[in-house]
Amino acid sequence: MKKQIITIFLLTGFWFANAQEPTTKVILITLDGLRWEEMFKGADSLLIANEDYVENTKHLKEKFWRTTSEERRQALMPFVWSFVNENGQIHGNRELGSKVTLSNQMHFSYPGYNEILTGNSDDINIHSNDKIYNPNVTVLEKVNNKKHYKGKVAAFGSWDLFPYIINDKRSGVPVNGGFRKANGNNLTDREVFLNELQDQIPGPWDNVRLDAFTHHFALENFKKNHPLLTYISYGETDDFAHDGKYDYYLTSANRSDAFIKQLWEFTQKDPFYKDQTVFIITTDHGRGHEPLDTWRSHGSDIEGSEQTWMLMFGKGIKVLGEVSQKEDLSPTLISPMIEDYFSK
């Protein structure tokens, strides 16, 4: 126990520039299955003009192809590579020696989210994407169980497994996941509209909704309820990749970047969140890269699936930009970091 406390103390000193106060709000965001290759190098030269994976290669290249990897990543994730790079930390460029690697050995979604949200891997109990309620306690549940923060935690996800991953029945954390609607007696006009629209716009998948609904349900909740800890999971990148649609995969990543920008700009206009909010952003797993078609998938048998990345910015976060020093981090760091904000 003493060693664990010392470890968390040292990590806290590394991540944070200033001592934390109880007023800090935390927004944790995941982009499902977005490879570190696209995050740090932008569009892949072997995929962007490949007609097996792209419907209109000319159009896609106009949007996202540039001469250098620095220009390509800027075109793909403009908010990340302008604002976050100048005001936060970006970990995971393996070409520079910065590594973020899963500790679980499954290398797919449920085990990845369990690792991020609980701070531990559990290959014994979490070894499939089946709809089983998580026996492990997430940081969302831990914070929600503290009397000062009860009812001030919320989660939104495009995948319909999130109620199980977060174990909403036990945790008491409200989870708007999959095709769930906003509920309650005080719905805003926009929430009523989103509820109706979600029924009227068919998505490509039967267990993952389009990320725009997840995003706007979350944004409305920020405006109405002002939670202290919020988790948002965008899911399209993984599903478009599984479908072999590299054009949709890139476009979704670019749209997620715009969503994050909108959330940041909202927090800086709302007095409750302004200068009091920390953003932590990561992914649940990587994807393959060789042979080429393995970019579509991931798992313990596909090399590269364990390789992820992590971003942080906002109140008290040290400005390191793109980290170029050698490091080997794990998503298990995220849960204790968040818990530390709500330790009082």
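See the structure shown above.
Residues numbered from 1 in each chain as written. Predicted model: local features only at pLDDT ≥ 70, side-chain atom pairs only at ≥ 80, totals over all residues. Heavy atoms only, no water.

Turning our attention to the pattern of salt bridges. Opposite charge on two side chains allows them to pair when their charged atoms are near. Applying the stated criterion across every chain yields a total of 17 salt bridges. Close ionic contact of K142 with E339 constitutes a salt bridge, the shortest N to O distance being 3.7 Å. A residue pair is termed long-range when its members are at least 10 positions apart, and K142 in helix α7 (residues 139-144) and E339 in helix α14 (residues 334-341) qualify at 197 residues. With relative accessibility at 30%, the residue K142 sits in the partly exposed group. The salt bridge partner of E191 is K224, with a shortest N-O separation of 2.7 Å. On the criterion of sequence distance, the pair formed by E191 in helix α10 (residues 189-200) and K224 in helix α11 (residues 211-225) is long-range, its members being 33 residues apart. Among the residues examined, E191 registers a relative accessible area of 4% and is labelled buried. (Salt bridge = Lys/Arg side-chain N within 4 Å of Asp/Glu carboxyl O. Helix = DSSP H or I, 4+ residues; strand = E, 2+ residues; numbered from the N terminus. Buried < 20%, exposed > 50% of the residue type's maximum accessible area, 1.4 Å probe, protein only.)

Here we take up the side chain of T57. Note on placement: T57 falls in helix α3 (residues 57-64). Ignoring anything within four residues of it in the chain, the contact list for T57 reads I48, A49, N50 and E51. (Contact = heavy atoms within 4.5 Å.)

Once that is clear, we can look at α14. Taken together, the buried positions of α14 are occupied by I334, S335, M337, I338 and Y341. End-on view of α14: buried residues confined to an arc of 160°, all on one side of the axis. (Arc of directions from axis to C-beta.)

Spatially, the 8 strands line up as an open sheet ordered β5-β4-β6-β1-β7-β9-β2-β10, and their pairing is mixed. Both edges of this open sheet fall to β5 (175-177) and β10 (321-322), since each of them pairs with a single strand only. Where strand β7 (residues 277-282) meets strand β9 (residues 310-314), 5 bridges bridge the pair, whose relative direction is antiparallel. If you follow V278 over to β9, its bridge partner there is G314. Against the sheet, helix α5 (residues 78-87) touches β2 (88-91), β9 and β10, its axis set at about 115° to β2. Each of β1 (25-31), β6 (229-234) and β7 touches helix α6 (residues 109-118); the most contacted strand, β1, lies at about 165° to it. (Pairing = 2+ DSSP bridges. Axes fitted to C-alpha atoms, helices over the stretch in contact; angles between N-to-C directions.)

A full pass over the atoms with the stated rule returns 25 aromatic pairs. Ring centres 6.2 Å apart and planes at 40° place the aromatic pair F222 and F266 in the tilted group. Residue F222 is located in helix α11, and its partner F266 is located in helix α13 (residues 246-269); the two are separated by 44 residues in the primary sequence. Accessibility expressed as a relative area gives 1% for F222, which makes it buried. Taking the relative accessible area as the measure of exposure, F266 reaches 15% and is therefore buried. (Phe/Tyr/Trp six-rings, centres within 6.5 Å; stacked < 30°, edge-to-face > 60°.)

Taken together, the 3 strands give an open sheet; going across it, the order is β8-β3-β11, and neighbouring strands pair in mixed fashion. Edge positions in the sheet fall to β8 (307-308) and β11 (327-329), since each has one partner strand and no second. One ladder, built from 2 bridges, connects strand β3 (residues 98-101) with β8; its direction is antiparallel. Its bridge partner being in β8, T101 is matched across the sheet by Q307.

Moving on: the pairing of β2. By the alternation rule, side chains of β2 split into G88 and I90 and Q89 and H91, which are all buried. As paired elements, β2 and β9 share 4 bridges and run antiparallel to each other. When the bridges of β9 are listed, Q89 appears paired with M312. Bridge count for β2 against β10 is 2 bridges, and the pairing is parallel. When the sheet's bridge partners are listed, I90 is paired in β10 with E322.

Moving on to unusual backbone geometry. With an omega of 0°, the peptide bond between E290 and P291 qualifies as cis. Of note, H107 is a non-glycine position whose phi angle comes to about 65°, a positive value. You can see H107 is positioned in the loop between β3 and α6. By relative accessible area, which is 8% here, H107 ends up buried. Of note in the backbone geometry, H226 takes a positive phi value of approximately 50° without being a glycine. Tracing the backbone shows H226 in the loop between α11 and β6.

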